[in-house]
Amino acid sequence: MKSVLDRNNFSEWYNEILKRAEILDVRYPVKGVYVWYPYGLKLRNLIYGILRALMDEEHEEVLFPLLIRRDELLKEKEHIKGFEEEVFWVTHGGTTELDVPLALRPTSETAMYPIFKVWIRSHRDLPIRVYQIVNTFRYETKHTRPLIRLREITSFKEAHTAHASRVEAEEQITKAIAIYRNFFDRLAIPYVITKRPEWDKFPGAEYTIAFDTLMPDGRTMQIATLHMLGENFAHTFDIRYEAEDGSSKFVNQTCYGISERCVAAVIAVHGDDHGLVLPPPVAPIQAVIVPIIFTSGADKRAEEVKEACNALYHELKGAGIRVFLDDSPDRPGAKYYYWEMKGVPLRIELGPRDLANDSCTFVRRDNFVKWRVPLTTAVPELIKTLDDIQYSLHARAREKLKIRVSDAAELKNAIDGIVALPLCDRERCGKELEETIGASVLGEVLYGAPRTFGKECVICAREAKDVLVARTY
RNA sequence: GGGGCAGUAGGGUAGCCAGGUCAUCCUCGUGGCUUUGGGAGCCAUGGACCCCAGUUCGAAUCUGGGCUGCCCCA
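None of the values given here were measured: they were computed from a predicted structure.

Trainee: Any chance you could explain the sheet that holds strand β5 (residues 89-93) here in plain terms?
Mentor: Think of a sheet as strands paired side by side through backbone hydrogen bonds, with each pair either parallel or antiparallel. Here three strands make up an open sheet; going across it, the order is β4-β6-β5 and the pairing antiparallel. Two strands close off the open sheet at either side, each with one partner strand: β4 (67-69) and β5. This sheet shows a mean twist of 45 degrees between the axes of neighbouring strands, independent of strand direction. Of the strand pairs in this sheet, β4 and strand β6 (residues 96-104) are connected by three bridges, and their pairing is antiparallel. Bridge pairing links L67 to L104 in β6.

Following this line, the structure appears as structure tokens:
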């Protein structure tokens, strides 16, 4: 019978679903890079469409080159320290060795900021808020994993801003957090927001804020980061502006980004043993119509069913629904399994029995509830149902991301999921804790977690903050 | 960062130690007939030894290198 899609073995489930639901083909013969199938790309584009719309409200899209000069990349010392072991280099043009080696961008700060210097002259040029959706390259030495740990991130959605003052830069971080929250809410992906510890911030940043979600195996995955750069890069790249009073000042900068991990999150968080479960806003097909007909013989009823399916298809399509009419010769049961694998939120069955009642049958993908709907109210019922599904998915996912509050006494237990506890901000304590419990410190809680038990660091008993820990991807 | 295992048709496996004749299964492809409200059945047929080199009369099998994947530990 149908082979096992067991969510309890998440690793296996994940690889299997990417293949069977035709998201990614992992057989491309270069480590850490993968091929997008048409269906996977449609899903991806719908997800990005949401983010793009949100970003476009206050950012402008730009496109910077993939290649970065070696000397530019190496300018920011802290920054390059964080990346130097992960950079791919272009060293030759044909058989000629290049005078200046060129890096494939691991991220675009050092590509953009020399140009920011040229663009920014006066306070009137500020603020600058731009973003781009591009591929970035990192020579990952750990085990690569489709959509999660890649050597080519095919769609890094990175924003970069420059401001006249630090206050404005801080405000931009706040705004960006709101944008990202909005984005993940639309994907029905729950998250926690933390300020990363000093030792785990973005190289070159003053501080880093991150979104993490919970995967089915109890580990967290970072799905978005925001970095307060302050004047660090401005000094390195000499990005100054003339203020109203005629003085020359350095800009304050921020940058923030989301990779295709957001696609991985949609797949991993909502999926089940039957396959993908896609939130309606990003489902390439929101409803599939399965005609129940006898293909042999020119049964009169078969013709009527076909006509009814066609009429329904056009009505739904006209209402703006992404609908697909599966009139292939397969048996209905085979179609059910197929579309369940693909994560289509709603299935509409229409056969002679339904037609006799001027109705059709709705089946929800998220909970398999099945009911009969009059054809005359199919459109409003469908729209309402898609909303319900979205709401249920979000509620279900939130329910799974429950945070356990723990104190020092409980730390001997294996960490499963996200645990909140009091910890001071010294690196020594953080590292000691990580070693003791075999999990990572996500950082100080900014959103999504309850208060912890105490104010004393679980390691050294000094004054502490509320901190989240988890095993991570 | 350290260690281990593996790669045979679209997918899953056997064969490898001990070199030769050999596959097999499937919800795979193709054609045909019969079926049809939850993965239909029968018949016919197609298709592979990860890549490069070496050893050899002869390599899926042995040796070396490469590429790719998976697991465990830090």
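Continuing now.
Trainee: What's the story with the sheet that holds strand β7 (residues 128-137) in this structure? I'm lost.
Mentor: Pairing in this open sheet of eleven strands is mixed, and the strands run β3-β7-β8-β14-β11-β10-β9-β22-β23-β21-β20 from one edge to the other. Of all the strands in the sheet, just β3 (60-61) and β20 (403-405) have a single pairing partner and so form its edges. Alignment of strand β21 (residues 418-423) against strand β23 (residues 465-470), held across five bridges, turns out to be antiparallel. Residue pairing in the sheet places L423 in a bridge with K465 of β23. Each of β3, β7, β8 (152-163) and β14 (252-258) is contacted by helix α2 (residues 38-56), which is oriented at about 5 degrees to β8, the strand it contacts most. The sheet strands contacting helix α8 (residues 261-270) are β8, β10 (207-214), β11 (220-230) and β14, and the helix crosses β11 at an angle near 150 degrees.

Trainee: Hey, could you run me through the packing of α2 against helix α6 (residues 166-186) in this one?
Mentor: When two helices pack together, you describe them by how their axes are tilted relative to each other and by the distance separating the axes. Here α2 crosses α6 at 150 degrees, and the two axes come no closer than 10 Å. In this view, α2 runs roughly antiparallel relative to α6, as classed from their interaxial angle. When you trace α2 past α6, the crossing you get is right-handed. Each of I47, I50, L51, L54 and M55 in α2 lies in contact with α6, whose residues at this interface are I179, Y180, N182, F183 and R186.

Reading guide: rules and limits
- Residues numbered from 1 in each chain as written.
- Chains lettered and ligands numbered in written order.
- Predicted model: local features only at pLDDT ≥ 70, side-chain atom pairs only at ≥ 80, totals over all residues.
- Heavy atoms only, no water.
- Pairing = 2+ DSSP bridges.
- Helix = DSSP H or I, 4+ residues; strand = E, 2+ residues; numbered from the N terminus.
- Axes fitted to C-alpha atoms, helices over the stretch in contact; angles between N-to-C directions.
- Contact = heavy atoms within 4.5 Å.
- Parallel < 35°, antiparallel > 145°, perpendicular 65-115°, else oblique.
- Left-handed = near helix turned anticlockwise from the far one by under 90°.

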